[in-house]
Amino acid sequence: MAFLTGRIKPVNKFITFEGIEGSGKSTQIELAVAYLREKAIPCVVTREPTGTDIGMKIADILFKREHGHLCAEAELLLFCAARAQHVRTVIQPALREGKVVLCDRFSDATYAYQGAGRGLDREIIRIINDYSAVHTRPDLTLLFDLPVEAGLKRATARNNRLDDPAASDRFERETLEFHRRIREGYLEILKNSPERFRLIDADRNIDAIQEDVRRHISALIKQ
Ligand SMILES: Nc1ncnc2c1ncn2[C@@H]1O[C@H](COP(=O)(O)OP(=O)(O)OP(=O)(O)O)[C@@H](O)[C@H]1O
Ligand SMILES: [Mg+2]
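Just so it is clear, the model here is predicted, and its values are computed rather than measured. (Residues numbered from 1 in each chain as written. Chains lettered and ligands numbered in written order. Predicted model: local features only at pLDDT ≥ 70, side-chain atom pairs only at ≥ 80, totals over all residues.)

A. Representation of the site of ligand 1. Inspection of the region around ligand 1 gives 14 residues, with Gly24, Ser26, Thr27, Arg154 and Arg158 positioned closest. Only α1 (25-38), α6 (148-160) and α8 (206-221) provide two or more residues apiece to the shell around ligand 1. Of the residues in the shell around ligand 1, the class split is three nonpolar, seven polar and four charged. (Near = placed C-beta within 6 Å. Helix = DSSP H or I, 4+ residues; strand = E, 2+ residues; numbered from the N terminus. Nonpolar A, V, L, I, M, F, W, Y, C, P; charged D, E, K, R; others polar.)

B. Spotlight on the nonpolar core. In this structure, Val100, Val101, Leu102 and Ala112 are the most contacted members of the largest nonpolar core, which totals 41 residues. Sort the elements by how many residues they give to this core and helix α4 (residues 107-117) lands first, with five residues. Ignoring any residue separated from it by four or fewer positions in sequence, one finds leucine 102 in contact with Ile15, Phe17, Ile29, Ala32, Val33, Cys43 and Val45. The next biggest cluster of nonpolar side chains, apart from the first, holds eight residues, and it includes Ile58, Ala59, Cys80 and Ile128. (Core = buried A, V, L, I, M, F, W, Y, C linked by C-beta atoms within 7 Å. Buried ≥ 20, exposed ≤ 12 C-beta atoms within 10 Å, placed from the backbone. Contact = placed C-beta atoms within 7 Å.)

C. Fine view of the pairing of strand β1 (residues 14-19). With six of six residues buried, β1 is to be regarded as a mostly interior element. Here β1 shows no split at all, with Phe14, Thr16 and Glu18 on one side and Ile15, Phe17 and Gly19 on the other all buried. In this sheet, strand β3 (residues 100-104) lies alongside β1 in parallel orientation, the contact comprising four bridges. Among the inter-strand pairings, isoleucine 15 is bridged to a residue of β3, identified as leucine 102. Relative to strand β4 (residues 140-145), β1 runs parallel, the two sharing five bridges. If you follow threonine 16 over to β4, its bridge partner there is threonine 141. (Pairing = 2+ DSSP bridges.)

Quick look at the structure:
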């Protein structure tokens, strides 16, 4: 209600956080939310594929170790099914309410993982992605980039601290070569959409990275 009284201006911007495993997306998104809340900017933080109840069930199929034989095409369709539900029931409603939406991974991850990583046809991915996302495009995408060895080391150390370290390691179990293709895939998407992307050197300390994140977000919301 506050923005109806003119105290808070609605800022419906869609910001996505992308990058390889362990690049610090989840760490940085939490700090970015704290920053927006400090500034009393209405925002929603969400993630793929687990941003909805349906998405949580889909993630169960995607990530359980006993589903290691899930084929690449089914993987693509499941991520996109989760996105279809997520866009329609979480992202679009929040944007319509004038909120900033911060999303941990989105359509670019599908190009990077299922396209560059798994080698699936980019044109098919484009059609399925657009259909799932109702052509919803981020206003800003922060790409956290670092060598894959460094990212995987962080992700593995984090997983080892969890109750169930195998809970979401479907991609961590892949080869270094697979992860290098994903990193390159992300950099290629960035090259094709330079106006939307900001490349962030993620091989630094958390505070230095967050400083860049805040600078890019404030530049966008001041527009
Ligand atoms: N800049 C950093 N320097 C050192 N460690 C970090 C840094 N950023 C995050 N970490 C730590 O690395 C681990 C992975 O970070 P985080 O979970 O944020 O990565 P992610 O990109 O979300 O990974 P995933 O793709 O697996 O979801 C965490 O334990 C986190 O605390
Ligand atoms: Mg994460």
